[in-house]
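Breakdown of the fold
Listed below are the residues making up each chain.
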Amino acid sequence: MGRLFVIGSGLLFGFGLDLARMTDPARVLGFLDVAGRWDPTLLFVMAGALAVSVPGFALLRRRGATWFAGTLRLPERRDLDGPLVGGAALFGVGWGLAGYCPGPGIAALSHGALDPAWFVVGMLLGMLAYAALGRRTG
């Protein structure tokens, strides 16, 4: 049952991203273009996500468990370190260049276009490169 919930949640998330047109890089890049023709749509999508997730996490914290995965495990670290800041900066640069981040990039695959496919391939190669580098340096 838990895996079906995960699959259903992922499909609902992807459908929501597509419905809000967050799978359109021009829409996302319009949000990032604060000096030009700024498009606030992404701000409303983020506000909607927070309106659902903040009360949801508060409810789960009170319960102490999820409905399908048992124990609620949230990140405990709250410090900022070099790898976190560097990774966030790299993420932001990639997002600004491509107009995709992982969720919308994967959801955009459903359109059958090559641009999101190239993005996802590049993202996966970057993840593999990081994993290989981490094994050598760790």
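Higher on the page you've got the structure.
Our subject in this report is the structure included herewith.

Parameters at a glance
- Residues numbered from 1 in each chain as written.
- Predicted model: local features only at pLDDT ≥ 70, side-chain atom pairs only at ≥ 80, totals over all residues.
- Heavy atoms only, no water.
- Helix = DSSP H or I, 4+ residues; strand = E, 2+ residues; numbered from the N terminus.
- Buried < 20%, exposed > 50% of the residue type's maximum accessible area, 1.4 Å probe, protein only.
- Contact = heavy atoms within 4.5 Å.
- Areas by Shrake-Rupley, 256 points an atom, 1.4 Å probe, with all protein chains shown as cover.
- Lys, Arg positive; Asp, Glu negative; His and termini not counted.
- Charge placed at Lys NZ, Arg CZ, Asp CG, Glu CD.
- Expected span 1.5 Å × (residues − 1).
- Core = buried A, V, L, I, M, F, W, Y, C linked by side-chain atoms within 4.5 Å.
- Axes fitted to C-alpha atoms, helices over the stretch in contact; angles between N-to-C directions.
- Parallel < 35°, antiparallel > 145°, perpendicular 65-115°, else oblique.
- Nonpolar A, V, L, I, M, F, W, Y, C, P; charged D, E, K, R; others polar.

1. Quick look at the overall build of the protein
When helices and strands are counted, the protein shows six helices and zero strands. Walking the protein from its N terminus toward its C terminus, one meets helices and strands in the order α-α-α-α-α-α. In terms of its C-alpha atoms, the protein occupies a principal-axis envelope of roughly 45 × 40 × 30 Å. Looking at the 138 residues of the protein, the share that counts as buried comes to 18%. The contacts of the protein with a sequence gap of at least 6 include a subset with a gap of at least 24, amounting to 34%. About 10300 Å² of surface is accessible on the protein, with carbon and sulfur atoms providing 71% of the total. Counting 12 positive and 8 negative side-chain charges, the protein places the centres of these two groups 11 Å from one another.

2. Examining helix H3 (residues 41–63)
Between its first and last C-alpha atoms H3 spans 34 Å; for 23 residues at 1.5 Å apiece the expected length is 33 Å, and the two agree. Along H3, the residues that are buried comprise Thr41, Leu42 and Leu60. Here the buried face of H3 lies against helix H2 (25–32) and helix H4 (82–98). Phi for Gly64, located one or two positions after H3, is positive at around 80 degrees.

3. Concerning the nonpolar core
Residues Leu17, Met22, Val28, Phe31, Leu42, Trp95, Cys101 and Ala107 constitute the largest nonpolar core, which totals eight residues. Counting five residues, the second largest nonpolar core, distinct from the first, contains Tyr100, Ala108, Val120 and Met123.

4. Concerning the packing of H2 against H4
In contact at an axis separation of 8 Å, H2 and H4 are set at 120 degrees when each is read in the N-to-C sense. In terms of axis orientation, H2 runs oblique to H4. From H2, Pro25, Val28, Leu29 and Leu32 reach across to H4, where they touch Trp95, Gly96 and Ala98. The residue makeup of the contact of H2 with H4, split by class, is six nonpolar, one polar and no charged.

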